[in-house]
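# Structural overview for review
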Amino acid sequence: MAMASLSFHPPSVTVAGGSATATAGNVFEMGKFTVGPIEEVGSASTCCLNCAGRFAPPKPVVIGHPEEDGEFPVVLLMHGYLLCNTFYRQLIRHIVSHGFIVVAPQLYTVTCQDTGAEIKALAAIGEWLPEGLRHYLPAKVSPNLKKLALAGHSRGGKVAFAFALALNKSTSSTAPKVSAIIGLDPVDGSRPPILTGVSESFDFVSAMPVLVIGSGLGELQRNPLFPPCGPKGVNHEEFFKECRSPAHYMVVKDYGHMDLLDDETRGIRGKGSYCMCKNGESRGPMRSFVGGAVVAFLKAYLEGKEEDLRAIEDGSLSLPVQLQTLQVRL
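Just so it is clear, the structure is predicted and the values come from calculations on it, not from any experiment. (Residues numbered from 1 in each chain as written. Predicted model: local features only at pLDDT ≥ 70, side-chain atom pairs only at ≥ 80, totals over all residues. Heavy atoms only, no water.)

## Examining the sheet that holds strand S4 (residues 101-105)
Sheet strands pair by backbone hydrogen bonding; their relative direction is either parallel or antiparallel. Using the following cut-off: Strand pairing follows a simple DSSP-based rule, namely that at least 2 bridges must link the two strands. Going along the chain from the N terminus, every DSSP run of H or I of four or more residues is numbered as a helix, and every run of E of two or more is numbered as a strand. Whenever a helix is involved, its axis is fitted only over the stretch in contact; in every case the axis is a line through C-alpha atoms, and angles between N-to-C directions fall within 0 to 180 degrees.
Read from one edge of the open sheet, nine strands run S1-S2-S4-S3-S5-S6-S7-S8-S9, paired in mixed fashion. Taken across any chain shown, the strands that pair with only one partner, and hence form the sheet edges, are strand S1 (39-41) and strand S9 (323-329). If you compare each strand with its neighbour and ignore which way they point, the axes differ by 20° on average. The pairing of strand S3 (residues 70-78) with strand S5 (residues 141-153) spans nine bridges and is parallel. Its bridge partner lying in S5, Glu71 is registered against Ser142.

What follows is the structure in structure tokens.
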């Protein structure tokens, strides 16, 4: 599994940084690519009339892609606990606009504590990608599955990490080859746990690069009725602690666990995303930062374009948020 390596050496200490405004034309704003329709595929309300049934995804998926012709890296984005894949449309648009294809499966409708079924569903999506995905893209838009990244929010982050760890034990010839993994405020609050409490214990294939983004408010209760959405001990801090190099860690001050979702999230689950977790003043700045940081990380490791990630980590690029933690392990 080939991947580019970073040549710079940013500080490996906790620092504060960032400002209130984003610099025009940087990764925190929309990119140069035109974003095609963010389509739902495989749900009860949609179907692919031009595709044979054998190309249907094993789970409903949301697909975002550039309109321009070309071959683009692919990001598999897993939703958080009891959330919908459609709640990430604005984040998906941001990532796609910088030259990526994003596939966001709906891993379950009703779930339990055990994440085993979600990991199996993700494996099935991974096996579907090589033959299935291209049938839902424009004719001259091609997925580059040699540059495949896993990203997951909350419980979806735990599923992404668990799946990446399982690849070490897989003997399947159709198992996807993953080049990078991203945890978006990941939480290991379900069975079976993957956190061990041991530093640098995660054993990914071929020193897979990792980005962990955390929320400063995630470990705080919104009210006595609900526990914190990102409890200390099973949240982003512990995930980064257990990652081996190369690993990048950014914690956003004054924003919460759900602040990377769309501004409008409908239904009971969508309304719950505003009342169950301690949130920041608005979602826009956190979502822009997450989108930009993900793009910078993927450009560095999948395309060898390290400038944006370097600028974030050496403090030379203005951020739409303030960071309370920035650490890099190379």
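Moving on from the model shown.
## Things to note about the state of the cysteines
What is meant by a disulfide is a covalent connection between two cysteines, made through their sulfur atoms. Formally: Criterion for a disulfide: a pair of cysteine sulfur atoms at a distance within 2.5 Å. To sort residues, take the accessible area from a 1.4 Å probe on protein chains only and compare it with the maximum for the residue type: under 20% means buried, over 50% means exposed, and anything in between is partly exposed.
What the rule picks out here adds up to one disulfide. Covalently, Cys229 is tied to Cys277 through a disulfide, its sulfur atoms 1.8 Å apart. Measuring handedness by torsion sign, the sulfur bridge of Cys229 and Cys277 sits at about -85° and is left-handed. Here the residue Cys229 occupies a position in the loop between strand S7 (210-215) and helix H4 (236-241), and Cys277 occupies one in the loop between helix H5 (267-275) and helix H6 (284-303), the gap between them amounting to 48 residues. Note on Cys277: relative accessible area 2%, which makes it buried.

## Looking at the packing of aromatic side chains
Under the convention used in this document: Here a Phe, Tyr or Trp ring, Trp counted by its six-membered ring, pairs with any other such ring whose centre lies within 6.5 Å, and the pair is stacked when the planes are under 30 degrees apart, edge-to-face when over 60, and tilted otherwise. Put simply, a charge is over a ring when the Lys NZ or the Arg CZ is close to the ring centre, within 6 Å, and near the line of the ring normal, within 35 degrees.
Throughout the structure, instances matching the rule amount to ten aromatic pairs. Ring geometry for Phe161 versus Phe202: centroids 5.6 Å apart, planes at 50°, classification tilted. Within this pair, whereas Phe161 is found in helix H3 (residues 155-166), its partner Phe202 is found in the loop between strand S6 (180-184) and S7, the two being separated by 41 residues in sequence. For the pair shown, Phe161 and Phe202 are each scored as buried. Three or more aromatic residues link up through ring pairs in this structure, and these residues are Phe161, Phe202, Phe204 and Phe239. Cation over ring: Arg283 sits above Tyr274, and NZ or CZ is 3.6 Å from the ring centre. Over the face of the ring belonging to Phe240 we find Arg329, whose NZ or CZ atom lies 4.3 Å from the ring centre.

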